[in-house]
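Descriptive structure summary
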Amino acid sequence: MADAGREEVGRRVLGAWDAFIAQVEAVDLERPTRLPGWRAHEVAVHLGCWDDHTALADLIASARAGGAGTPPDVDGTNARVTAAHRDASRDEVLEALHLNREATARYLAEEPAELDTAPTVATVGTLPLLSVVLGQAYELAVHGLDLVPLGAPPVPAEVLQSGLAALADVTGALASSCGITGGVTLTTPEGGWAFDADERGWTVRRVAAGDPPGTAVEAPAALLLEAASGRVNPVAALARRRLKVHDIGGLLTLAPIVSAAPGIPGGPILSLAARTLGGAGGLLGRLRGR
């Protein structure tokens, strides 16, 4: 997606920020979410910019240093930040979210363009900085879905598509870094995104609605994001025909990414491939026998 440029990436990620902040403004932050031990407060806090947590600034510094270092411990960081700001007021939480959006907008407007393709160390490995910036759209879309049951407005359709674009971009990057040749289309009734990768690099493109050629995962956009993030069990969704996989063997080609980056977005879907190719006794065999 770096080839799409800052204008396209900026439109998508800043739109995701605006939608998420509007959702947070609409909910009671004390209400528990479906994430164990997390209120809406913790969901919002860990996405904010605080004096002791400046994720984007750290990513920019890593890119300037050539992408050296090791991926941060995302669970440990989240635990530290949410504990440190457990008693933050509603106004402080909203201010932290606005500060993170502003930091993103400032990067897009002021930092040199060569940083966009510079490698930076993110939670899932080394990626181009602009891909990591777009990755915010995936996280904001998924956490926006976490807030909907609390009375937040629905996540806008375009934000869901931006989340899928980020998912395709990151998965393509990791496939390339693993030397994997392959690709997947993430398709919804409104269209979707596809990536193709090999050891030389990867490409991402928007696709129209319709029957996708080759390897594809098909479902409504919200369900794709919830399956990719582990909110919904993709095996159960497949068994209930809520999610469809075309050419599951092609998906299996990408499964080694999970070993290289266990916490990657989309990991549950890639793991699905190995679980469904279990012969006649596996899920795929049982489905074909019906």
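On a predicted model such as this, the values are computed, not experimentally measured, just so you know. (Residues numbered from 1 in each chain as written. Predicted model: local features only at pLDDT ≥ 70, side-chain atom pairs only at ≥ 80, totals over all residues. Heavy atoms only, no water.)

**Here's the deal with the overall build of the protein**
We apply this condition: Numbered from the N terminus, helices here are DSSP runs of H or I no shorter than four residues, and strands are runs of E no shorter than two. For the exposure calls, accessible area comes from a 1.4 Å probe over protein chains only, and a residue counts as buried if that area is under 20% of its type's maximum, exposed if over 50%, partly exposed in between. We call two residues in contact whenever any of their non-hydrogen atoms come within 4.5 Å of each other. Here the Shrake-Rupley method, with its probe set to 1.4 Å, supplies the accessible areas, and only the displayed protein chains count as covering residues.
Of regular secondary structure, the protein possesses 13 helices and seven strands. Among the 290 residues that make up the protein, the fraction classed as buried is 56%. Of the contacts formed within the protein by residues at least 6 apart in sequence, a portion of 72% connects residues at least 24 apart. On the protein, roughly 12,700 Å² of surface is accessible, and the fraction owed to carbon and sulfur atoms is 53%.

**Let's talk about the pairing of strand 3 (residues 182-188)**
Short version of the rule: Two strands are counted as paired when DSSP detects at least two bridges linking them.
In terms of residue burial, strand 3 counts as a mostly covered element, since seven of its seven residues are buried. The alternating pattern of strand 3 places Gly182, Val184, Leu186 and Thr188 on one face and Gly183, Thr185 and Thr187 on the opposite face, and all of these are buried. Here strand 3 pairs with strand 4 (residues 191-198) via seven bridges, running antiparallel. Opposite Thr187, over in strand 4, you have Gly192 as the bridge partner. Between the antiparallel neighbours strand 3 and strand 4 lie two residues. Two elements, strand 3 and strand 6 (residues 216-218), share three bridges in a ladder whose sense is parallel. Pairing of Thr185 across the sheet is with Ala216, part of strand 6.

**A few points about the packing of aromatic side chains**
Let me state the cut-off plainly: Stacked, tilted and edge-to-face are the three classes assigned to paired rings of Phe, Tyr and Trp, where Trp is represented by its six-membered ring and a pair needs centres within 6.5 Å; plane angles under 30 degrees give stacked, over 60 edge-to-face, the rest tilted. Consider the ring centre and the ring normal. A charge sits over the ring if Lys NZ or Arg CZ is within 6 Å of that centre and within 35 degrees of that normal.
Taken as a whole, this structure holds zero aromatic pairs when the rule is applied. Sitting over the ring of Tyr107, Arg6 keeps its end group 4.7 Å from the ring centre.

**Overview of the confidence of the model for the protein**
As a reminder of what qualifies: One number per residue, pLDDT, summarises how confident the predictor is, and it ranges from 0 to 100.
In the predicted model, the protein carries a mean pLDDT of 88, and 89% of its residues have values of at least 70. Within the protein, the element-level pLDDT minimum falls on helix 13 (residues 283-288), averaging 34, and the maximum on helix 2 (residues 40-45), averaging 98. Predicted confidence is poor over residues 277-290, with pLDDT under 50, and the contacts of this stretch with residues over four places away or in other chains come to 20 contacts.

**Considering the sheet that holds strand 4**
The following threshold applies: Interaxial angles span 0 to 180 degrees and are taken between N-to-C directions of axes, which are lines fitted to C-alpha atoms, for helices over the stretch in contact.
Taken in spatial order, the five strands line up as 5-4-3-6-7 in an open sheet, and their pairing is mixed. Edge strands, defined here as strands with exactly one partner in the open sheet, are strand 5 (201-207) and strand 7 (244-246). Mean inter-strand twist for the sheet, computed between neighbouring axes without regard to direction, equals 15°. Across the face of the sheet, helix 8 (residues 221-228) comes into contact with strand 3 and strand 6 while running at roughly 135° to strand 3.

**As for the side chain of His143**
Selection criterion: Two N or O atoms form a polar contact when they lie within 3.5 Å of each other; inside protein one atom must be a possible hydrogen donor and the other a possible acceptor, and for residues adjacent in sequence the pair counts only when both atoms belong to side chains.
Tracing the backbone through its elements, the reader meets His143 in helix 6 (residues 129-147). For His143, the side chain forms a polar contact with the side chain of His46, separated by 3.3 Å. If near-sequence neighbours (up to four positions away) are discounted, His143 is found in contact with Phe20, Leu35, Val43, His46, Leu47 and Arg231.

**Points about helix 7 (residues 157-177)**
To keep things clear, this is the line we draw: Expected helix span is taken as 1.5 Å per residue step, with the number of steps being one fewer than the number of residues.
Taking 1.5 Å as the rise per residue, helix 7 with 21 residues should run 30 Å; its terminal C-alpha atoms sit 31 Å apart, in good agreement. The buried fraction of helix 7 amounts to 18 of the 21 residues, a majority that puts the element mostly inside the structure. In the stretch just after helix 7, Gly179 is the one whose phi turns positive, near 70°.

**Re the nonpolar core**
Our working definition: Take the buried Ala, Val, Leu, Ile, Met, Phe, Trp, Tyr and Cys residues and link them wherever side-chain atoms come within 4.5 Å; each set so joined is a nonpolar core.
Residues Leu97 and Tyr107 are the most contacted members of the largest nonpolar core, which totals 90 residues. With sequence-adjacent residues up to four places away left out, Tyr107 is seen in contact with Arg6, Leu56, Ile60, Leu115, Asp116, Leu129, Leu130 and Val133.

**Describing a negative patch on the surface**
How we decide: Only residues whose relative accessible area exceeds 30% and that form no salt bridge enter a patch; like-charged residues are grouped when within 9 Å of one another, and nonpolar side chains (Val, Leu, Ile, Met, Phe, Trp, Tyr) when within 5 Å. Here, a salt bridge means any side-chain nitrogen of Lys or Arg that lies within 4 Å of a carboxyl oxygen of Asp or Glu. The charge count treats Lys and Arg as positive and Asp and Glu as negative. His and the chain ends do not count. To locate a charge, take NZ of a lysine, CZ of an arginine, CG of an aspartate or CD of a glutamate.
Together, Asp91, Glu92, Glu95 and Glu102 make up a negatively charged patch on the protein surface. Within the secondary structure, Glu92 sits in helix 5 (residues 90-110). For Glu92, a relative accessible area of 39% puts it in the partly exposed group.

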